[in-house]
Protein chains: 2
Amino acid sequence: MTNSDESAIRLGLLLPFQIAQLHSALNAQAKVIISAYGDLNLAQWRIVRVVALGIENTTTPVRKATGIDKSQFSKMLGALEQKGYVVLHPYENDKRQHVIELTDKARKAHERLGPVLDERQRHLVATLTEDELAVIYKSIKVLANAAQKTDFDIPAPEQEEE
Amino acid sequence: MTNSDESAIRLGLLLPFQIAQLHSALNAQAKVIISAYGDLNLAQWRIVRVVALGIENTTTPVRKATGIDKSQFSKMLGALEQKGYVVLHPYENDKRQHVIELTDKARKAHERLGPVLDERQRHLVATLTEDELAVIYKSIKVLANAAQKTDFDIPAPEQEEE
DNA sequence: ACTTGATTGTTGACTTTTCCACCTTTTTGC
DNA sequence: GCAAAAAGGTGGAAAAGTCAACAATCAAGT
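Residues numbered from 1 in each chain as written. Chains lettered and ligands numbered in written order. Predicted model: local features only at pLDDT ≥ 70, side-chain atom pairs only at ≥ 80, totals over all residues. Heavy atoms only, no water.

**Description of the interface of chain B and chain A**
Short version of the rule: Whether two residues are in contact is decided by their heavy atoms, any of which lying within 4.5 Å being enough. By convention, the term buried area covers the 1.4 Å-probe accessible surface removed from two parts as they join, with the contributions of both added. For salt bridges, the criterion is a side-chain nitrogen of Lys or Arg within 4 Å of an Asp or Glu carboxyl oxygen. Polar contacts here mean pairs of N or O atoms no more than 3.5 Å apart (in protein, one a potential hydrogen donor and the other a potential acceptor; neighbouring residues in sequence count only if both atoms are side-chain atoms). In DSSP terms, a helix is any run of H or I states spanning at least four residues, a strand is any run of E spanning at least two, and both are numbered starting from the N terminus. Residues are sorted three ways: Asp, Glu, Lys and Arg are charged, Ala, Val, Leu, Ile, Met, Phe, Trp, Tyr, Cys and Pro are nonpolar, and all the rest, Gly among them, are polar.
Contacts between the two partners involve 62 residues from chain B and, on the opposite side, 62 residues from chain A. Summed over both partners, the interface of chain B with chain A comes to about 6,300 Å²; 67% of that surface belongs to carbon and sulfur atoms. For the pair chain B and chain A, the interface holds two salt bridges. We note a salt bridge from E132 of chain B to K138 of chain A, for which the minimum N-O separation is 2.7 Å. Put simply, chain B and chain A have seven residue pairs in polar contact (both at pLDDT 80 or more) between them. Of all the secondary structure elements, the ones that give two or more residues to the side of chain B that touches chain A are α1 (7-35), α2 (42-52), α3 (59-66), α5 (104-125) and α6 (130-146) of chain B. It is α1 of chain B that contributes the most residues to the side of chain B that touches chain A, 18 residues altogether. The residue inventory of the side of chain B that touches chain A, partitioned by class, reads 34 nonpolar, 16 polar and twelve charged.

**Comments concerning the packing of helix α6 (residues 130-146) of chain A against α6 of chain B**
Here is the rule: Every axis in this analysis is a line fitted to C-alpha atoms, fitted for helices over the stretch in contact. Angles between the N-to-C directions lie between 0 and 180 degrees. Angle categories: roughly parallel below 35 degrees, roughly antiparallel above 145, roughly perpendicular from 65 to 115, and oblique for all the rest.
Their axes nearest at 10 Å, the elements α6 of chain A and α6 of chain B cross at an angle of 100°. Put simply, α6 of chain A runs roughly perpendicular to α6 of chain B. In contact with E132, V135, I136, K138 and S139 of chain A of α6 of chain A, α6 of chain B contributes E132, V135, I136, K138 and S139 of chain B. In the contact of α6 of chain A with α6 of chain B, the residues fall into four nonpolar, two polar and four charged.

**Concerning the protein's contact with DNA strand C**
Just so we agree on the cut-off: Any residue with at least one heavy atom within 4 Å of a molecule or strand is counted as near it.
Taken together, 17 residues lie around DNA strand C, and T59, T60 and R96 of chain A together with S71 and K95 of chain B are the ones closest in. Within 4 Å of the protein, the contacting atoms of DNA strand C are drawn from sugar and phosphate to the extent of 58%. Side-chain polar atom of R63 of chain A to a phosphate oxygen of DNA strand C: 3.2 Å apart, as the coordinates give it. In terms of residue count, helix α4 (residues 70-82) of chain A provides more of the surface near DNA strand C than any other element does, four residues in total. For the surface near DNA strand C, the class distribution of residues is no nonpolar, eight polar and nine charged.

**Some remarks on the protein's contact with DNA strand D**
If you check the shell around DNA strand D, you find 19 residues, and the closest are S71 and Q72 of chain A together with T59, S71 and K75 of chain B. Counted by atom, the contact set of DNA strand D within 4 Å of the protein is 60% sugar and phosphate. K70 of chain B places a polar side-chain atom, nitrogen or oxygen, 3.0 Å from a base oxygen of DNA strand D. In the environment of DNA strand D, a phosphate oxygen lies 2.7 Å from a nitrogen or oxygen atom belonging to the side chain of S74 of chain B. Those elements that provide at least two residues to the surface near DNA strand D are α4 of chain A together with α3 and α4 (70-82) of chain B.

**Regarding the relation of the copies chain B and chain A**
As a reminder, the rule being used: The copies are overlaid by a least-squares fit using only the C-alpha atoms of residues whose pLDDT is at least 70 in both copies.
At an RMSD of 0.5 Å, chain B and chain A line up after a rotation of 177° and a shift of 0.2 Å along the axis. The transformation just described matches what one would write down for a two-fold rotation axis.

That is the geometry; function is a separate question.
Below, the structure written as structure tokens:
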């Protein structure tokens, strides 16, 4: 961080890197908080939260809302069931899916943890203004979109197409 | 994304989540680009880059500049050495550390990949204004800092100290 | 109704990442 | 100087994530 000749370029270069760092820090923070409350990991907690908030309660929508890979989602859901956090019922409208029902255990966990995470969120955004937050949300969208492109002009040493 | 009653809260709640998603997208993008050029992964590339740019060349500073966990750093460095990208020399000032020297192979890889990643960066920030970028950088710093706090008021159910 | 193609979820192998306990070197306090 | 403490590095184990194949289900067109 000492020598900074081409600061503009360097800053540009560091954007994904800084986001990675930020993500890592946020992740670690969430992990500490969540694991202090029980035996759920991040992914499992997200599933519980989405259902507890009444956003979704069937597998595919929950999976998409949480952004978890379907393979891992299946495993996490299995773990949640085994630990007694959820009960899975058949879903009549689509028999491939399941309806996820939270148990008391899950609801209690959510009631305890929810407020703590809410406070964490408040703490996170506390020093940002609404305008800044708006910029951030917009930028995240834009960047996520720009991150889709993978075919930059590649001199292609020995690369073949798929 | 459909039902959005308490949008403000929900948005606040989703910040770490959205950052996680963005990070995931950026990561995937970088992975595709980098792996199209050779056998380096992200972490390894970052090490090479930091050294190639002349920012640092001893282990601990490089590790901190790249933000890689020390355990993984050790393994990545070992891999780099084995693949012939770096040569490790003893560091006289502190014999726990090493001096990292790049080989021609690493320098060539950096010369080829650098420009492509530069273009990627330009592509990423292309749709953002300078003001927005400034807000982003500032916010990342602020958020990363806020992410350090892990001791939120925890009612501590049946948690014991270790 | 039947068939084809697309979704969804599950599973198991595999890779990658993260965590942790240990060892060496360096630094600090006496 | 020497012992204790701190920091760096290493390697193994565990967790998380990825990938590909498969079975069940649904949607659509014939």
